[in-house]
Every structure is written in structure tokens, then in C-alpha cells.
Amino acid sequence: QGFVTMYDINELFVKPWSANLGCGLGVLMTREAETDADTMLSHAWGEDVEEFQQALRSWAEQYQVHGDAMVWFCLFANYQPEDGAGPSIGEQ
């Protein structure tokens, strides 16, 4: 395919980092400050991650989104490992 996808990020990083912990990376990263998301991102998992990153930067710049904005991003928000330690994708 010639590029990295969200599927790749999930398998190589998200699942190993959160396996057996029962919660998504978003919760692990913001455990100290429970908060609602300001925005929800919708995207395709098969897309080129670098193109997605460029689109996200353009969107943030155009709408003056600050770096501390809370964004709901399924890859990091949902518990991905499906290992029984947390809710299944369907339950979420």
C-alpha cells in the first residue's frame, strides 16, 4: 500500500499500549482530568495517516482550534484490544 493506516497504528501501538488495562488511550492520557470532548473526528481507518494529519492541522488552523481542545477520536477513545479486560467495540 505504501503508507501507514489507522489499522497499522492500532495494531502496532494502540493495542499493545492499552492491552489488559480496560480503557482506551484517551482515558489513560487524561486520567487526571475527566472532561467531555469539544469535537468528534470522523475519518476512514484505511486512509494515509500523514494525509489525515495534514487535514487535521489545516482544520485546526482554519477554525483556530487550540492545542488543549479535547477531541474524540475513535482510535484513541475506544478500548481497542478486544481482550476481555474492557468493553468490546460493540459495547462501546
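## Quick notes on unusual backbone geometry
Next, step 1: We note that Asn20 has phi near 65 degrees; this positive angle belongs to a residue other than glycine.
Next, step 2: Here Asn20 shows up in the loop between helix H1 (6-18) and helix H2 (25-29).
Next, step 3: Residue Asn20 is classed as exposed on the basis of its relative accessible area of 60%.
Next, step 4: Phi is positive for Glu82, close to 55 degrees, though the residue is something other than glycine.
Next, step 5: Among the secondary structure elements, Glu82 is positioned in the segment after helix H4 (74-77).
Next, step 6: The class of Glu82 is partly exposed, set by a relative accessible area of 45%.

## A short note on a nonpolar patch on the surface
Next, step 1: Together, Leu12, Phe13 and Trp17 make up an exposed nonpolar region whose accessible area comes to about 360 Å².
Next, step 2: Within the secondary structure, Leu12 sits in helix H1.

## Thoughts on the environment of Ala37
Next, step 1: Relative to the assigned elements, Ala37 resides in the loop between H2 and strand S1 (39-40).
Next, step 2: Judged by its relative accessible area of 43%, Ala37 falls in the partly exposed class.
Next, step 3: In this structure, the C-alpha to C-alpha distance between Ala37 and Met70, residues 33 residues apart in sequence, is 4.7 Å.
Next, step 4: In this view, Ala37 contacts Met70, Val71 and Trp72; residues no more than four positions away in its chain are not counted.

The rules we used
Residues numbered from 1 in each chain as written. Predicted model: local features only at pLDDT ≥ 70, side-chain atom pairs only at ≥ 80, totals over all residues. Heavy atoms only, no water. Helix = DSSP H or I, 4+ residues; strand = E, 2+ residues; numbered from the N terminus. Buried < 20%, exposed > 50% of the residue type's maximum accessible area, 1.4 Å probe, protein only. Patch = residues over 30% accessible without salt bridge, like charges linked within 9 Å, V, L, I, M, F, W, Y side chains within 5 Å. Areas by Shrake-Rupley, 256 points an atom, 1.4 Å probe, with all protein chains shown as cover. Salt bridge = Lys/Arg side-chain N within 4 Å of Asp/Glu carboxyl O. Contact = heavy atoms within 4.5 Å.

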